[in-house]
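Here's the letter readout for the chains.
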Amino acid sequence: DTSSTSSYKGYVYVASVNNSGAAVTRFTPQGAVDTSFNGNGSTPGTLVISGLGTGTPTSIAVSPDGLYVAVGGYFNGWGVALIDPIYSNGQGRILWSKSGLVSAGQVNGLTFDGSDTDQIYAAGWTSCGTGPTCMAALELDTSGNVPMSWNGGHGVFAFSTGSCLCGAANAIVD
């Protein structure tokens with residue numbers, strides 16, 4: 001399964017593969033595709049995130065205030081996109097999309113910090129040089145930048161258990 005879901009005020013957002021890239025479809029509280037979302041696009045109800053390139057979305061999150069939808073997965077390493085779902089009366093738009101945020105591995109879970117700053121936290125896995133796979137986490141602001149307060153502004157924070165394979169972080173909460 002290459003889809004993930006998240007919801008806000010009854011609207012359900014589904015991240016899925018679209019022509020080997022990522023797409024987000026919005027459903028109404030009644031379960032129908034919301035054709036007002038990307039209503040002028042080639043597939044009303046679905047917003048294609050072409051800026052991430054080829055890959056697989058593995059996670060999606062909606063900010064507590066409903067102002068943002070974040071999508072993450074494997075896109076030349078870690079890829080994350082931020083969507084404004086309420087832009088232009090619910091038409092929606094992609095604010096930014098970045099692939100290769102971390103050069104190896106993938107995002108497995110996303111969340112927002114729940115404050116008025118809507119920082120995005122991503123968790124997943126990456127390689128630790130020539131060593132084992134590591135659990136990892138990353139913070140991004142709503143401009144797609146790593147804040148200086150996160151790991152000294154150095155980006156990803158990897159957790160290694162030494163010489164053993166420690167797996168991947170699959171969820172993250174604030």
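All values derive from a computational prediction rather than experimental measurement.

Rules of the game
- Residues numbered from 1 in each chain as written.
- Predicted model: local features only at pLDDT ≥ 70, side-chain atom pairs only at ≥ 80, totals over all residues.
- Heavy atoms only, no water.
- Pairing = 2+ DSSP bridges.
- Helix = DSSP H or I, 4+ residues; strand = E, 2+ residues; numbered from the N terminus.
- Axes fitted to C-alpha atoms, helices over the stretch in contact; angles between N-to-C directions.
- Core = buried A, V, L, I, M, F, W, Y, C linked by side-chain atoms within 4.5 Å.
- Buried < 20%, exposed > 50% of the residue type's maximum accessible area, 1.4 Å probe, protein only.
- Phe/Tyr/Trp six-rings, centres within 6.5 Å; stacked < 30°, edge-to-face > 60°.
- Lys NZ or Arg CZ within 6 Å of the ring centre and 35° of its normal.

### Things to note about the sheet that holds strand E7 (residues 78-84)
Moving on, step 1. Read across the sheet, 4 strands follow the order E5-E6-E7-E8 without closing on themselves; strand pairing throughout is antiparallel. Lying at the two open borders of the sheet, with one neighbouring strand each, are strand E5 (56-62) and strand E8 (93-98). For this sheet the average axis-to-axis angle between neighbouring strands, irrespective of direction, equals 20 degrees.
Moving on, step 2. Judged from the 6 bridges that link them, strand E6 (residues 69-74) and E7 form a sheet pairing that is antiparallel. Bridging across to E7, Gly-72 finds its partner in Val-80.

### Some remarks on the nonpolar core
Moving on, step 1. One finds Trp-78, Leu-82, Leu-110, Phe-112 and Ile-120 to be the most contacted residues of the largest nonpolar core, which totals 16 residues.
Moving on, step 2. Those elements that provide at least two residues to this core are E7, strand E9 (106-112), strand E10 (120-127) and strand E11 (133-140).
Moving on, step 3. Of all hydrophobic cores here, the second largest spans 15 residues; its members include Phe-37, Leu-52, Ile-60 and Ala-81.

### Looking at the packing of aromatic side chains
Moving on, step 1. By the definition in use, this model includes 1 aromatic pair.
Moving on, step 2. Considering the side-chain rings of Tyr-13 and Phe-37, the 6.1 Å spacing of their centres and the 80 degrees angle between planes classify their relative orientation as edge-to-face. Here Tyr-13 is found in strand E2 (residues 11-18), whereas its partner Phe-37 is found in the loop between strand E3 (21-27) and strand E4 (46-49), with 24 residues between them in sequence.
Moving on, step 3. Relative accessible area serves as the criterion here: at 0%, Phe-37 is assigned to the buried category.
Moving on, step 4. The lysine or arginine in question, Arg-26, covers the ring of Tyr-11, its NZ or CZ lying 5.3 Å from the ring centre.
Moving on, step 5. The ring of Trp-96 has Lys-98 sitting right over it, with the charged end atom 5.8 Å from the ring centre.

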